[in-house]
Amino acid sequence: MAFSTLAAFVSALAVVQVVNGAVTRRVACPDGVNTATNAACCSLFAIRDDIQQNLFDGATCGEDAHESLRLTFHDAIGFSQSAAAKGVFGGGGADGSIAIFESIETNFHASIGVDEIVNEQAPFIARHNITPGDFIQFAGAVGVSNCPGAPRLEFLLGRPAATQPAPDKTIPEPFDTVDTILARFADAASFTPEEVVALLASHTVAAADEVDPTIPGTPFDTTPGFFDTQFFIETQLRGTLFPGTAGNQGEVESPVAGEMRLQSDSELARDSRTACEWQSMVNNQKKMMTVFKSAMAKLAVIGQDVRQMVDCSEVIPMPPPPQSTAHFPAGLSNADVEQACAETPFPTLPTDPGPATSVPPV
């Protein structure tokens, strides 16, 4: 009898956590393994383990992790405050409409190629009790957690399923002007120019399949497996070549063989409204992680009532620490920088040794 009483006491202690001197009670999940601060989060552990093994190839920072992060944006940005103010439906934001109305939204020009990751995610949504909007944001947060140097993103649970598709033309294109891009982000969720730059940190683990369809999987920097500041460094170097064919809409010359540079990234890196913020990310891993996490938290709940949502961020894995340091690709140096920020000189960085860098597709 005494033993069973002691066991019950120990079990109770197992679901109590002390945080900053306060006692936080945790719920024992039905799986008998995990605990959570809210029982609603318990179902996410099985989803996390499933996608880590079967979507992200054993928790790797690979193509499906990259594409899942991209999908969070393509789903969430479909929202217009100005349209809503006029009583016109401007999209539901982060509501899963891109998955529910796949035949419509993945045919929008800005989302060409997104159908692949939508179709890969569909079986996971079907076998778990989760809405498409929640799954898309959850998978993006879990996927990027596999990338060394990434921040641990927040995840709030509770997005209702979309009832209609987002309108076309709500996703910025790589050939849009800076004015158009900044206006679209501001209309979607009052994003500032600084927050737009922060969100583009996602391109450090991204690649393009459709800008030049002859070279799918072409990354935007030389370290696509690391969430590091190389993207912000390399977009400010003088472009000298195309990794594939020339003349593609939305593409400009890049500084490294095998690397693609989007026109929009190039112009944002050089525009007076964003250039200094862009440069401030160079060799500043901590800042990049912090502002990306904050901007993603804002993106992930566009169109949602956060008062009705549950914070399940604890289910997101802790990412590996940074595993790279800021540098110029071999053969390049400060002399190749196209200085755009008028306030601060470009940081001095080391150059990788060896022959000129060439980046393989991902």
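Given the structure is predicted, the values throughout are model-derived calculations rather than measurements.

A. Looking closely at the environment of Ala-198. When you line up the elements, Ala-198 lands in helix 10 (residues 193-199). For the pair Ala-198 and Leu-69, spaced 129 residues apart in the sequence, the C-alpha separation amounts to 14 Å. Sequence-distant contacts of Ala-198, defined by excluding residues within four places in its chain, comprise Met-281, Val-291, Phe-292 and Ala-295.

B. Spatial organisation of a negative patch on the surface. Negative charge collects at one region of the surface, where Glu-63, Asp-115, Glu-116 and Glu-210 lie side by side. Examined against the element boundaries, Glu-116 turns out to sit in helix 7 (residues 115-127). On the basis of relative accessibility, which here comes to 43%, the residue Glu-116 falls in the partly exposed class.

C. Highlighting empty space enclosed by the protein. As enumerated under the stated definition, the model contains 2 cavities of 30 Å³ or more in all. As for the largest cavity, its lining consists of Thr-72, Gln-137, Ala-141, Leu-153, Glu-154, Phe-155, Arg-159, Lys-293, Met-296, Ala-297 and Ala-300. Here the lining of the largest cavity takes 3 residues from helix 14 (residues 285-299), the largest share from any one element. When the residues that make up the lining of the largest cavity are grouped by side-chain class, the tally is 6 nonpolar, 2 polar and 3 charged. When its volume is computed, the second largest cavity comes out at roughly 40 Å³. Every residue along the wall of the second largest cavity is listed here: Glu-63, Asp-64, Glu-67, Gly-113, Glu-116, Ile-117, Glu-120 and Asp-209. Broken down by secondary-structure element, the contributors of at least two residues to the lining of the second largest cavity are helix 3 (63-76) and helix 7. The residue makeup of the lining of the second largest cavity, split by class, is 1 nonpolar, 1 polar and 6 charged.

D. The pattern of salt bridges, seen in detail. Enumeration over the complete set of coordinates arrives at 13 salt bridges. For Arg-307, the salt bridge identified is with Asp-305, shortest N-O distance 2.9 Å. One salt-bridge network, in which partners are shared between bridges, spans Asp-179, Asp-271 and Arg-273.

Thresholds, definitions, all that
Residues numbered from 1 in each chain as written. Predicted model: local features only at pLDDT ≥ 70, side-chain atom pairs only at ≥ 80, totals over all residues. Heavy atoms only, no water. Helix = DSSP H or I, 4+ residues; strand = E, 2+ residues; numbered from the N terminus. Contact = heavy atoms within 4.5 Å. Patch = residues over 30% accessible without salt bridge, like charges linked within 9 Å, V, L, I, M, F, W, Y side chains within 5 Å. Areas by Shrake-Rupley, 256 points an atom, 1.4 Å probe, with all protein chains shown as cover. Salt bridge = Lys/Arg side-chain N within 4 Å of Asp/Glu carboxyl O. Lys, Arg positive; Asp, Glu negative; His and termini not counted. Charge placed at Lys NZ, Arg CZ, Asp CG, Glu CD. Buried < 20%, exposed > 50% of the residue type's maximum accessible area, 1.4 Å probe, protein only. 1 Å grid on protein atoms, 1.4 Å probe; cavity = no way out; pocket = protein on both sides within 12 Å on 5 of 7 lines; lining within 4 Å. Points joined across faces, edges and corners; volume = space filled by probe spheres on them. Nonpolar A, V, L, I, M, F, W, Y, C, P; charged D, E, K, R; others polar.

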